[in-house]
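# Descriptive analysis of the structure
The primary structure of each chain is shown beneath.
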Amino acid sequence: MKKIAIVGAGMAGLASCQHLYKKFDVTLFDTKGIGAGASGVAAGLLHPFVGGKSKLNWRGFEGLESTLKLIDKVQQAVDEPIILQRGFKRVAVNEEMEVNFRRLSQEQEKVHWLGDGIFIEEGYVIDTPLYLKALTDALKGQISYIKRQISSLEELCSYDHIILTTGAWTRSIRECKDLPLTRNKGHLLVMDYPLKETLNGRAYLVPTRQGLIVGSSFEKDFETEEPDIERAKLEILPKAIEIIPELEQAPILDCRASLRAVAKGHLPLLTKLNDKTTLLTGLGSKGLLYHALLAKQIEIT
């Protein structure tokens, strides 16, 4: 049986394990731990119209279907529902958003104009921590896991194939240092506010078991990956207050941050670096939409 090394234990890495473990001897590597990067900070919004203009994303419906199938596959590994909510509202907080939302409601049968925004039927709120746990628990006894930093592909020369799902840290691997990838930083806030339904405008407001998740920022200038609560408040709160003014007084329970990898054209990157190395990265803020779709397209011969 061929030995496969998968580097990066976020959603893309875990989905790759799910896709390959029945055919290959799989070992998963990660520097920080499972879900310790951008995947672990994701708010959990899943729909095919990600982005300010609410256009249908590249292969958006395929990505949605693939993620839902993978959630269904691993749901039995945990006791609580991974999907917290089906369908949510996007609020038009300015004229441009109203124009874009009206257009989308005319183009898509399952998107409905409400007068002040749209309701996306094929929108889901995922309990991201629980989903990561389910992906991990469903692999117990099926793969090996090693918490270790990989700095060069040469460290994995004993494996028949290597899959890099290393996100924002891809260029820290010596053979990947010149890849055309950029990074941005995303903050989110966890707030104490009794919202029952998810709302999404220029910011998103997502009720979860941990509190109300409010996000996100897209910062190109940053010095560290660590959370900066003052920067987060500056970037996020004005957009959230457009939707619910009372959030200005709501207590902040936590501040989280992560770095995202962005490829050319803001499209995910699935390519062969060489005959024995596959690269899956550049998912940006669309990791939940694309991780399962692209993982199942990895080919090993």
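Residues numbered from 1 in each chain as written. Predicted model: local features only at pLDDT ≥ 70, side-chain atom pairs only at ≥ 80, totals over all residues. Heavy atoms only, no water.

## Overview of the pairing of strand β14 (residues 269–274)
Judged from the five bridges that link them, β14 and strand β15 (residues 277–281) form a sheet pairing that is antiparallel. Considered in β15, the bridge of Asn274 is made with Thr277. In sequence, β14 turns back onto β15 through a hairpin of two residues. (Pairing = 2+ DSSP bridges. Helix = DSSP H or I, 4+ residues; strand = E, 2+ residues; numbered from the N terminus.)

## Re the packing of aromatic side chains
Summed over all chains, the structure comprises three aromatic pairs. Aromatic pair Phe29 and Tyr159: ring centres 5.9 Å apart, planes at 85 degrees, arrangement edge-to-face. One end of the pair, Phe29, is in strand β2 (residues 25–30); the other, Tyr159, is in the loop between β7 (144–147) and β8 (161–164), with 130 residues separating them in the sequence. A single burial state applies to Phe29 and to Tyr159, both of which are buried. Taking the centre distance of 6.0 Å and the plane angle of 90 degrees together, the rings of Phe49 and Phe61 count as edge-to-face. One end of the pair, Phe49, is in the loop between β3 (45–46) and α3 (60–74); the other, Phe61, is in helix α3, and 12 residues separate them in sequence. What makes Phe49 buried here is its relative accessible area of 2%. Here the guanidinium or amino end of Lys3 rests over the ring plane of Tyr159, the centre of that ring lying 4.8 Å away. (Phe/Tyr/Trp six-rings, centres within 6.5 Å; stacked < 30°, edge-to-face > 60°. Buried < 20%, exposed > 50% of the residue type's maximum accessible area, 1.4 Å probe, protein only. Lys NZ or Arg CZ within 6 Å of the ring centre and 35° of its normal.)

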